[in-house]
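Now for the letters of each chain:
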Amino acid sequence: MKRTLSLLTLATLTLASAQKVVTPVQIGVAVAQTSNTALLGQEEVIGAKFAEKLINARGGINGTPIKLVFQDTGGDEAGAINAFQNLISKDNVVGIVGPTLSQQAFAADPIADRAKVPVLGPSNTAKGIPQIGDFIARVSAPVAVVAPNAIKQALKLDPKIKKVAVLYAQNDAFSVSETGTFQQTAKDLGLNVATVQKFQTTDNDFTTQVTAVLGDNVDLVIISGLANDGGNLVKQLRQLGYKGLIIGGNGLNTTNMFPVCQKYCDGVIIAQAYSPAQASAANQVFVREYTAQYKKAPPQFAAQAYTGVQVFVDALRVIDRKKKLSEWNLPDLRVELNKQVLLGKYNTPLGAISFDKEGEVNQKDFYVAQIKMQDAKNGTFVYLK
Ligand code: 1QQ
């Protein structure tokens, strides 16, 4: 029995190490294509696909094309784990761009980390994501550096703001992390946090929370949630009579929220880790070609997912120049790719980026936008100065 087992183990090991890198080179994308989280994930699918198209049109990895393999994570942890397992063991990808939510990343990233498969988080902004493991990095700047910009901008628009209400989804890791930053920033800027209200990302009725906010007579409301709950909360705040400024966090950062809050989305302020106006040549080419195809400027989540794919490809090009990708076995290439990702400098739509030792993104430019609704359906994010 012992002998049979060890032979079996040997056979499995041999199989794994003999596993060659196939062409086109497969890169995994595990984001939310279904559930309410798809309001955020859809833009990531578009951004990643656009990267695949542009990269292959320019010769892929030194002449070798790439192929993105998509696995839908849905909106929860189980879906993300399942998508990651499929990409790692069935689809034999070199690396994974995903998942959509930090809540999913804390569950699924450890699986990739143990399998030694590099992960680039395209939109995971909670504190602690790169620290999940050596194989985990992100192109999405953390709440700690992005979110404070929204409050500073709100004070620019209305210097008289004194009293603030803060609301957050307590069942979502990103929302919990972001509200921590918002609450600390508000205090640091001398604001009075009059009330902190909790909700769930699955909630639809916010009467209790809105009633508390109205009772406190605040001049600013700050929301950390996701697109459907966040959109409904904005709508109900306005319907019940709240007139002051509203800051939405990164979970509300999509035009896909417009069908939820409709005309009531108007005026919501949201900090941005991307702007179509970012001056780098890489971004200007990206914006020109994206706009030509989609007839609108790229949103943040599309730009970040594009960047995730680009970083893997740029790193693979460097590796391929030293030793052809076809000569690697897959487990070794995954380890090498992880190393190279962390070593490189990248000219991306987000500007020039690199990573620190832990996989945290180094990025320079951040922005704030305000939603302007033309009518109940159509609106845009207007970047503020
Ligand atoms: C996170 C996020 C999401 C709201 C982006 C889609 O920032 O979960 O970390």
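Every value quoted in this text rests on a predicted model; they were computed, and no experiment measured them.

Some words on the state of the cysteines
Phase 1: Scanning all chains against the criterion turns up 1 disulfide.
Phase 2: Residue Cys261 pairs covalently with Cys265 via a disulfide, S to S 2.0 Å. One disulfide, between Cys261 and Cys265, carries an S-S torsion of 100° and so falls in the right-handed class.
Phase 3: Relative accessible area serves as the criterion here: at 0%, Cys265 is assigned to the buried category.

Some remarks on the site of the ligand
Phase 1: In the region of the ligand, 13 residues are neighbours, and Ser102, Ser123, Thr125, Phe174 and Asn250 sit closest.
Phase 2: Between the ligand and the protein, one listed contact pairs an oxygen atom with a backbone N or O atom of Ser123 at 3.1 Å.
Phase 3: Contact with the protein chains hides 100% of the accessible area of the ligand, taken as 280 Å² for the molecule alone.
Phase 4: In a pocket analysis with a 2 Å cut-off to the grid points, the ligand is assigned to the second largest cavity.
Phase 5: Each of two domains, domain 1 (22-141 + 279-362) and domain 2 (145-272), supplies a minimum of three residues to the shell around the ligand.

Looking at the sheet that holds strand E13 (residues 361-362)
Phase 1: The 3 strands are arranged E11-E12-E13 in an open sheet whose pairing can be described as antiparallel. Both edges of this open sheet fall to strand E11 (346-348) and E13, since each of them pairs with a single strand only.
Phase 2: Of the strand pairs in this sheet, strand E12 (residues 351-355) and E13 are connected by 2 bridges, and their pairing is antiparallel. The partner of Ser354 across the bridge, within E13, is Asn362.
Phase 3: Strands in contact with helix H12 (residues 300-322) are E11 and E12; relative to E11, the strand with the most contacts, it is inclined by about 150°.

Side note on unusual backbone geometry
Phase 1: Between Thr23 and the following residue, Pro24, the backbone shows a cis peptide bond with an omega angle of -5°.
Phase 2: Locating Pro24 in the fold gives a position in the loop between helix H1 (2-18) and strand E1 (25-31).
Phase 3: The phi dihedral of Ser35 is positive, around 80°, even though this residue is not glycine.
Phase 4: For Ser35, the location among the structural elements is in the loop between E1 and helix H2 (38-57).
Phase 5: Judged by its relative accessible area of 42%, Ser35 falls in the partly exposed class.
Phase 6: Even without being a glycine, Asn92 presents a positive backbone phi close to 50°.
Phase 7: Take Asn92: it is sitting in the loop between helix H3 (77-90) and strand E3 (96-97).
Phase 8: With a relative accessible area of 26%, Asn92 lands in the partly exposed category.

A word on the domain arrangement of the protein
Phase 1: Looking at the assigned domains, one finds that the protein contains domain 1 (22-141 + 279-362) and domain 2 (145-272).
Phase 2: Centre-to-centre separation of domain 1 and domain 2, based on C-alpha positions: 30 Å.
Phase 3: Contact with domain 1, which involves 17 residues of that partner, is made by 18 residues of domain 2.
Phase 4: When domain 1 packs against domain 2, close to 1,400 Å² is buried across both sides, 53% of that on carbon and sulfur atoms.
Phase 5: Summed over the three residues of domain 1 that lose the most area to domain 2, namely Leu39, Gln103 and Gln300, the buried surface amounts to 34% of that side.
Phase 6: Our enumeration of links across domain 1 and domain 2 arrives at 0 salt bridges.
Phase 7: Our enumeration of links across domain 1 and domain 2 arrives at 7 residue pairs in polar contact (both at pLDDT 80 or more).
Phase 8: The set of elements that each furnish at least two residues to the side of domain 1 that touches domain 2 consists of H2, helix H4 (102-114) and H12.

What counts and how
Residues numbered from 1 in each chain as written. Predicted model: local features only at pLDDT ≥ 70, side-chain atom pairs only at ≥ 80, totals over all residues. Heavy atoms only, no water. Disulfide = S-S within 2.5 Å. Buried < 20%, exposed > 50% of the residue type's maximum accessible area, 1.4 Å probe, protein only. Near = heavy atom within 4 Å. Polar contact = N/O pair within 3.5 Å; in protein donor to acceptor, adjacent residues only side chain to side chain. Areas by Shrake-Rupley, 256 points an atom, 1.4 Å probe, with all protein chains shown as cover. 1 Å grid on protein atoms, 1.4 Å probe; cavity = no way out; pocket = protein on both sides within 12 Å on 5 of 7 lines; lining within 4 Å. Sits in = over half its atoms within 2 Å of the grid points. Domains from an automatic or database assignment. Pairing = 2+ DSSP bridges. Helix = DSSP H or I, 4+ residues; strand = E, 2+ residues; numbered from the N terminus. Contact = heavy atoms within 4.5 Å. Axes fitted to C-alpha atoms, helices over the stretch in contact; angles between N-to-C directions. Buried area = accessible area lost by both parts, 1.4 Å probe. Salt bridge = Lys/Arg side-chain N within 4 Å of Asp/Glu carboxyl O.

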